[in-house]
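Coordinate inspection notes
Listed here are the chains, written in short residue letters.
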Amino acid sequence: PHADNPQQTPEPDANWQLKLELPQTSTTRPLGEYITEVVTPPTLLHPITLPFEANVKKLYVANYQEVSKGEILADVTGTEWIETQQKAISDVIAYRSYEQLVARKNSLCKEEIIPKKECISANAELEAMKVKVSASKALLKSYGANDAMIDKLFKELVLSQTIQLRSTTDGRIVDMHAKPGKSTTPSDAIFVIQEKGSLWLESDIEAKRIHGLKEGESVQITFNNHTFDTQILQLSPVINPENQTRRIRFLVPSDIAIYPGLRSSAKIVLKHDTLKIKKNAVIKIGETQVVFYKDSMGYNSFPVEILAEDENYYFV
């Protein structure tokens, strides 16, 4: 028909090869199919580093190996590690020696053999030395020494040539820069351990396609032979000026077996109430998409907004 509102004629609809159908309700509508990448959230990645230049003496693990929290990963050594222990031992010896002196002075002060101000001064100096010992202990801990190792050092006053690097979490090694005999710098992540947890799916989608979407909305995704319900985790607050896209991020349930780095096409379906109308029922008049509906007066046009489509239907 060339008119916006063709009138019903006496002939039956069949003579005009007209077919009437009711639109179907739908609780979903497709957003589209886009190239998507599996990404590891940074909160699941745990780098193992040292604050000093070190040399790897022995490795106990390999890349991609599963490790437990507290498990020994490597034995390392370094000049700064040795020097830090030497300073800690010196601080402990000085503190213990001065502690004995202060104890004798306190006894003499009680007997009023020496002035009390000498004891006050000596006790203040002892507290300052105690703080230095605590600082040495904190520095050793920052280097990776545990309490048992530090207690042994302070008790026996014997240096440890190596220090054990231990895992800080349960997980799997996904990056490793340690090799026997290889030196590391403080900026190196000697090991990177990935903790188990939910991953992300990220894609760049035309800004106009996701206009009106909000974080937290429910979606269904089919990706790499997996179909699962999830939600929009984050939407980029900026538009890429080069291609007019926005980055969209979805949460992958932890029980879905896909792996970081995988890039594949993902079919994304929104949980929105819409109407499904067969494609051959929609025509374009000028710049407007319309369908025709029948009432007692004949056929009338009705404008629709096409939100999405699949092979057979428009979602309006």
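That block above? That's the structure.
Heads up: these notes are all about the structure in this document. Note that the coordinates shown come from a computational prediction; the quantities given were computed from them, not determined experimentally.

Within the protein chain, the regular secondary structure consists of three helices and 21 strands. Against the globule reference of 20 Å for 316 residues, the protein chain gives a C-alpha radius of gyration of 36 Å, more extended than a compact globule. In terms of overall dimensions, the protein chain has C-alpha extents of about 130 × 50 × 35 Å along its principal axes. Restricting to contacts in the protein chain with at least 6 residues of sequence separation, those with at least 24 account for 70%. Each charge class in the protein chain can be summarised by its mean position, and for the 37 positive and 41 negative side chains these summaries are 7 Å apart.

We now examine the environment of A103. Along the chain, A103 falls in helix α1 (residues 79-110). For A103 and A122, which are 19 residues apart along the polypeptide, the C-alpha to C-alpha distance reads 9.5 Å.

Below, the discussion takes up unusual backbone geometry. Here E112, not a glycine, exhibits a phi torsion of approximately 60°, which is positive. Turning to its location among the elements, E112 is positioned in the loop between α1 and α2 (116-142). Located in the positive-phi region is N225, a residue other than glycine, with phi close to 70°. Mapped onto the elements, N225 comes out in the loop between β12 (218-223) and β13 (226-235).

Bringing the side chain of D91 into the picture now. Within the secondary structure layout, D91 lies in helix α1. Classification of D91 by relative accessible area gives buried; the value is 9%. One polar contact links D91 to S136, side chain to side chain, over a distance of 2.7 Å. Discounting residues that sit within four places of it in the chain, D91 has contacts with K132, V133 and S136.

Rules of the game
- Residues numbered from 1 in each chain as written.
- Predicted model: local features only at pLDDT ≥ 70, side-chain atom pairs only at ≥ 80, totals over all residues.
- Heavy atoms only, no water.
- Helix = DSSP H or I, 4+ residues; strand = E, 2+ residues; numbered from the N terminus.
- Rg over C-alpha atoms; globule rule 2.2 N^0.38 Å.
- Contact = heavy atoms within 4.5 Å.
- Lys, Arg positive; Asp, Glu negative; His and termini not counted.
- Charge placed at Lys NZ, Arg CZ, Asp CG, Glu CD.
- Buried < 20%, exposed > 50% of the residue type's maximum accessible area, 1.4 Å probe, protein only.
- Polar contact = N/O pair within 3.5 Å; in protein donor to acceptor, adjacent residues only side chain to side chain.

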